[in-house]
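Structure assessment
Residue-level listing of the chains:
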Amino acid sequence: MGKDFYGDLQLGVLGGGQLGRMLIQEAINYNVNVHILDPDKNAPCRKLCNRFECGSLSDFETVYNFGKDLDMITIEIEKVNVDALEKLEEEGVLVYPQSRIIRLIQDKGLQKQFFKQNDIPTSLFQLISTKEHLTNANLSIPYIQKLRKDGYDGKGVKKINSLADLETAFDEPSLIEEWVDFEKEIAVIVARNDNGDVATFPMVEMEFNPEANLVEFLIAPSTYGFDIQQRAEELAKKIANDLQIVGLLAVEMFLTKDGEILVNELAPRTHNSGHQTIEGNYVSQFAQHLRAIFNLPLGDTRCRSNAVMINLLGEEGYEGLAKYEGVEEILAMEGVYVHLYGKKFTKPFRKMGHVCIINDDRELAISNARKVQEILKVKA
Ligand SMILES: Nc1ncnc2c1ncn2[C@@H]1O[C@H](COP(=O)(O)OP(=O)(O)O)[C@@H](O)[C@H]1O
Ligand SMILES: [Mg+2]
């Protein structure tokens, strides 16, 4: 990099939510100047960055103008205008992850084709453009239908259980895939810098809240056998190398009941499944992402302790100005770390914060996490 980044570097982040907020906490340590673009004038990063611009992430002009005087751009959300990023890249702005990778990952259909072309194990799938195609699908019911674009947190994912469900299926370009009766959802976060150094965080296990369709409970390190963990981590490294990504890549996978690992989807950024690294590992995912995009030596990803991460979701039945219940009570517990995201308004299942629970004893970490879940509430 031509510029001395210790103090001079102007880093733009597309998206100013909680991921951007936690990235800023680390960027401060490197004297980096952070510029944020987000459509919400109340975004969690608004008061914490060197420059906050309120504007659309999907508008070409807005993204281009935001980025043209910056040294480097990264993202905290994939739904951004990639044409603008491509132009910025051509003009010499460093864009990490690279625009071609964001373009690929924005489309779950292209992601699946990429898996197939690179011999990355994934469930069987078929691409369709309207719901008429479902009547003669190559897959047998039940299967999962996913919108190719713009889905997140389970929105844009539907299970087709019967012929009757075809009526309410998505009528847009989508992907249908075999329903995987998995044993566990697992994830590995991998980082790659421009030198080609690659490092994975230890595999984590995720517990989903089926109602909210969100990870609500995450446990690290995993207690699955070395062989499974090693296979998951090698797969993540292979994908990072196949993509030649610079930055962080979260790889969501299914561990099937017969011990097979299937890749579900990728996120080329910091991820909800890595929040526990802030307290639980020697280097956090946020610090690692900065090391990767600045082409610095990657940090030590080992776990320091058992960590359980729970998402703090807006309580059902409450919508409005957020009020927090039970914070003092949980802070009195050992090894409990609270992260509030600074969102003014709560609504059911909105991600309002997370809590990391650390303990040398894994079972205690889990039972303390359950207590935290019962005590801590976001209401209005
Ligand atoms: N093929 C599948 N079989 C079974 N469950 C699935 C399958 N695909 C997705 N899911 C479930 O739906 C969740 C959301 O799907 P995902 O593709 O990760 O979309 P999103 O972009 O919303 O995270 C997954 O975390 C998993 O729990
Ligand atoms: Mg997912």
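Our subject in this report is the structure included herewith.

Rules and cut-offs
Residues numbered from 1 in each chain as written. Chains lettered and ligands numbered in written order. Predicted model: local features only at pLDDT ≥ 70, side-chain atom pairs only at ≥ 80, totals over all residues. Heavy atoms only, no water. Donors = N, O, S within 2.8 Å, 3.2 Å for Na, K, Ca; no water. Helix = DSSP H or I, 4+ residues; strand = E, 2+ residues; numbered from the N terminus. Buried < 20%, exposed > 50% of the residue type's maximum accessible area, 1.4 Å probe, protein only. Pairing = 2+ DSSP bridges. Axes fitted to C-alpha atoms, helices over the stretch in contact; angles between N-to-C directions. Contact = heavy atoms within 4.5 Å. Core = buried A, V, L, I, M, F, W, Y, C linked by side-chain atoms within 4.5 Å. Near = heavy atom within 4 Å. Areas by Shrake-Rupley, 256 points an atom, 1.4 Å probe, with all protein chains shown as cover. Nonpolar A, V, L, I, M, F, W, Y, C, P; charged D, E, K, R; others polar.

1. Description of the coordination of the magnesium ion (ligand 2)
The coordination sphere of the magnesium ion (ligand 2) contains the protein donors Glu 252 (OE) and Glu 265 (OE), at a distance range of 2.0 to 2.3 Å. Of this pair, Glu 252 sits in strand β14 (residues 247-256) while Glu 265 sits in strand β15 (residues 261-267); the two residues are 13 residues apart in sequence, bridging distant segments of the chain. The pair Glu 252 / Glu 265 is uniform in exposure class, with both members buried.

2. Describing the sheet that holds strand β6 (residues 125-128)
Strand order in the open sheet made by the 4 strands is β6-β9-β7-β8, with antiparallel pairing throughout. One side of each edge strand has no neighbouring strand; the edge strands of this open sheet are β6 and β8 (157-160). Within this sheet the neighbouring strands show an average axis-to-axis angle of 25°, counted without direction. Bridge count between strand β7 (residues 143-147) and strand β9 (residues 174-178): 5 bridges; the pairing is antiparallel. By the bridge assignment for β9, Tyr 143 is matched with Glu 178. Taken strand by strand, helix α5 (residues 108-117) contacts β6, β7, β8 and β9, and its axis lies near 145° from that of β6.

3. Side note on the nonpolar core
Judged by nonpolar contacts, the single largest core of 26 residues is most densely connected at Ile 239, Leu 243, Leu 249, Val 251, Met 253, Val 263 and Leu 266. Elements supplying a minimum of two residues to this core: α4 (99-106), α5, β10 (182-192), α6 (226-243), β14 and β15. Ranked by residues supplied to this core, first place goes to α6 with 7 residues. When neighbours within four sequence positions are excluded, Val 263 is seen to be in contact with Phe 115, Ile 120, Pro 121, Thr 122, Leu 235, Ile 239, Val 251, Glu 252 and Met 253.

4. Considerations on the site of ligand 1
Around ligand 1, 19 residues are found, and the nearest of them are Lys 108, Lys 146, Gly 154, Glu 177 and Glu 185. Out of a free accessible area of 540 Å², ligand 1 has 91% covered by protein chains. Where the shell around ligand 1 is concerned, the elements lending two or more residues are β7, β9, β10, β14 and β15. Residues belonging to the shell around ligand 1 are distributed by class as follows: 8 nonpolar, 3 polar and 8 charged.

In short, shape yes, function no, at least from these values alone.
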